[in-house]
Amino acid sequence: MAFSLLLLQPLSLPNSTNYSCGTVTIRCVLSDNYSRSSRVPYELKYGQSRVFHELPSGLKMEVLLQKANPQRMVERGSSSSNSDLPPLLFVHGSYHAAWCWAEHWMPYFSRNGFDCYAVSLLGQGESDVPVDSVAGTLQTHASDVANFIQKGLRSPPVLLGHSFGGLILQYYIAYMGKQDSSGLPSTYYPDLAGAALMCSVPPSGNSGIVWRYIFTKPVAAFKVTRSLAAKGFQTSLSLCKETFFSSEMEDDLVKRYQELMKASSAMPLFDLRKLNASLPVPSCAKSSLEILILGASDDFIVVKLLVDFTLFICNAI
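Residues numbered from 1 in each chain as written. Predicted model: local features only at pLDDT ≥ 70, side-chain atom pairs only at ≥ 80, totals over all residues. Heavy atoms only, no water.

Undergrad: Can you walk me through the packing of aromatic side chains in this structure?
TA: Considering all chains together, one arrives at 19 aromatic pairs under this definition. Between Trp101 and Trp105 the ring centres are 5.6 Å apart and the planes differ by 80°, which places this aromatic pair in the edge-to-face class. Per residue, the accessibility class of Trp101 equals that of Trp105, and both read buried. Here the aromatic residues Tyr42, Tyr95, Trp99, Phe233, Phe244, Phe245 and Tyr257 are joined through ring pairs into a cluster of three or more. (Phe/Tyr/Trp six-rings, centres within 6.5 Å; stacked < 30°, edge-to-face > 60°. Buried < 20%, exposed > 50% of the residue type's maximum accessible area, 1.4 Å probe, protein only.)

Below is the structure:
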């Protein structure tokens, strides 16, 4: 089975005296079309809310919020104005949206004193859909995340990315603290308090993963291609389960997530041919940024070798 962050219990991040977190605010504009029926049938949990962040393009990006639990903050002997904990910002991968973090991760970290934010990249979840055949490029997605951090947060966050969200994060880190003028408009990438890559696509992209499957596991290669490229996971419950979830997960829960994933992707996240042609991402510059890189023993797509490769390239050993 492939690793799914929905199955993983979150890990608490270490405190650091170098972290500072002032009052975190959101600059958002409620979407004009939000009165329409929700595309993604996800019911927010207690303490969670949904806002829309307006990007320079005028498109609106869905953001789910869950602020730190006040009672736990009191127990820690701190408040939101003097906490040493940074906000956490989550970025999803393909066929997902911000809701996937709202299931377990945001409630867990909120209970432990963190302000949590999760974005739905354009064309995904409840975010606006660009006038194009795909949702964006590695650069435009990273730029959208950078814009939200710059305009929506008052202190550097810990940025967490899963799967292709991790690849977007790697691009961000490569330009962190710099101005990327290769696209229009030019983008500044604010500093981060930390980063986490969870079963991330490696810096060289997913083409190596595809070829590894073709030559070593042709049956698995067929299943992955049918499930992801042909979107077979949307119609086959068994294929969806094998691709994304544990064999022990109950079918009714798999069905719920299958419906959410079907509704979450109004369009492809990337043009994979153009994406692979633009890779690898630039090497991460040497810095004091701490990067947590996580893999999963049962993930047959992002195997340990690829996790180790990402670790090496990001100089996070």
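Back to the text.
Undergrad: What exactly am I supposed to notice about the packing of helix 4 (residues 138-152) against helix 5 (residues 164-175) here?
TA: When two helices pack together, you describe them by how their axes are tilted relative to each other and by the distance separating the axes. Interhelical geometry of helix 4 versus helix 5 gives an angle of 70° and a closest axis separation of 9 Å. Overall, the two elements helix 4 and helix 5 adopt an arrangement that is roughly perpendicular. In this structure, helix 4 contributes Leu138, Gln139, His141, Ala142, Val145, Ala146 and Ile149 to the contact, and helix 5 contributes Leu167, Ile168, Tyr171 and Tyr172. For the contact of helix 4 with helix 5, a count of residues per class yields nine nonpolar, two polar and no charged. (Axes fitted to C-alpha atoms, helices over the stretch in contact; angles between N-to-C directions. Helix = DSSP H or I, 4+ residues; strand = E, 2+ residues; numbered from the N terminus. Parallel < 35°, antiparallel > 145°, perpendicular 65-115°, else oblique. Contact = heavy atoms within 4.5 Å. Nonpolar A, V, L, I, M, F, W, Y, C, P; charged D, E, K, R; others polar.)

Undergrad: Is there a simple way to think about the sheet that holds strand 3 (residues 88-91) in this case?
TA: Sheet strands associate in pairs through backbone hydrogen bonding, adopting either a parallel or an antiparallel arrangement. Read from one edge to the other, the open sheet built from seven strands follows the order 1-2-4-3-5-8-9, with strand pairing classed as mixed. Taken across any chain shown, the strands that pair with only one partner, and hence form the sheet edges, are strand 1 (48-54) and strand 9 (291-294). Across the sheet, the mean angle from the axis of one strand to that of its neighbour is 20°, orientation sign disregarded. In this sheet, strand 8 (residues 194-198) lies alongside strand 5 (residues 158-162) in parallel orientation, the contact comprising five bridges. By the bridge assignment for strand 8, Val158 is matched with Gly194. In this fold helix 5 packs onto strand 3, strand 5, strand 8 and strand 9, with an angle of close to 140° to the strand it touches most, strand 5. (Pairing = 2+ DSSP bridges.)

Undergrad: Where do I start with helix 4 in this structure?
TA: Given 3.6 residues per helical turn, the α-helix brings residues three or four places apart onto the same face. Taking 1.5 Å per residue as the helical rise, helix 4 with its 15 residues ought to reach 21 Å, and the 21 Å between its terminal C-alpha atoms agrees with that figure. The buried count for helix 4 comes to eleven of 15 residues, which makes it a mostly enclosed element. (Expected span 1.5 Å × (residues − 1).)

Undergrad: Which parts of the structure should I look at to understand the pattern of salt bridges?
TA: Oppositely charged side chains can form a pair if their charged atoms are brought close together. Evaluated as defined, the whole model comprises six salt bridges. Residue Glu103 is joined to Lys45 by a salt bridge in which the shortest nitrogen-to-oxygen separation is 3.6 Å. Taken as a pair, Glu103 in the loop between helix 2 (99-102) and helix 3 (105-111) and Lys45 in the segment before strand 1 lie far apart in primary sequence, 58 residues in all. By relative accessible area, which is 7% here, Glu103 ends up buried. With its nearest N and O atoms 2.6 Å apart, the salt bridge here joins Glu62 to Arg50. (Salt bridge = Lys/Arg side-chain N within 4 Å of Asp/Glu carboxyl O.)

Undergrad: Even after reading the chapter, I still don't get the side chain of Arg50, so can you show me in this structure?
TA: Inspection of the secondary structure assignment puts Arg50 in strand 1. Here Arg50 falls in the buried class, since its relative accessible area comes to 17%.

Undergrad: Looking at this structure, how should I read the packing of helix 8 (residues 237-244) against helix 9 (residues 251-264)?
TA: Closest axis-to-axis distance for the helix 8/helix 9 pair is 10 Å, and the angle between their directions is 90°. It follows that helix 8 is roughly perpendicular to helix 9 by the angle criterion. Touching Leu237, Cys240, Lys241 and Phe244 of helix 8 are Asp251, Val254, Lys255, Gln258 and Met261, all from helix 9. Residue classes in the contact of helix 8 with helix 9 are distributed as five nonpolar, one polar and three charged.

Undergrad: Would you mind going over the nonpolar core with me for this structure?
TA: Among soluble globular proteins, nonpolar side chains are generally buried collectively. In this structure, Leu138 and Tyr172 are the most contacted members of the largest nonpolar core, which totals 40 residues. When residues of this core are traced back to their parent elements, those giving at least two are strand 2 (60-66), strand 3, strand 4 (116-119), helix 4, helix 5, strand 8 and strand 9. The element best represented in this core is helix 5, accounting for seven residues. Those residues in contact with Leu138 that sit more than four places away from it in its chain are Leu167, Ile168, Tyr171, Phe270, Leu275, Leu279 and Val281. (Core = buried A, V, L, I, M, F, W, Y, C linked by side-chain atoms within 4.5 Å.)

Undergrad: Before we go on, may I ask you to explain helix 5 in this structure?
TA: The end-to-end C-alpha distance of helix 5 is 17 Å, a good match for the 16 Å that twelve residues give at a rise of 1.5 Å each. A large share of helix 5 lies buried, amounting to eleven of its twelve residues. Considered for burial, the residues of helix 5 that qualify are Phe164, Gly165, Gly166, Leu167, Ile168, Leu169, Gln170, Tyr171, Tyr172, Ile173 and Ala174.

Undergrad: In this structure, what is going on with the environment of Lys45? I would like to understand it.
TA: According to the relative accessible area criterion, Lys45 is partly exposed, its value standing at 34%. For the pair Lys45 and Ala102, spaced 57 residues apart in the sequence, the C-alpha separation amounts to 7.5 Å. What Lys45 contacts, discounting residues up to four positions off in sequence, is Ala102, Glu103 and Pro107.

By themselves these figures say nothing about function.
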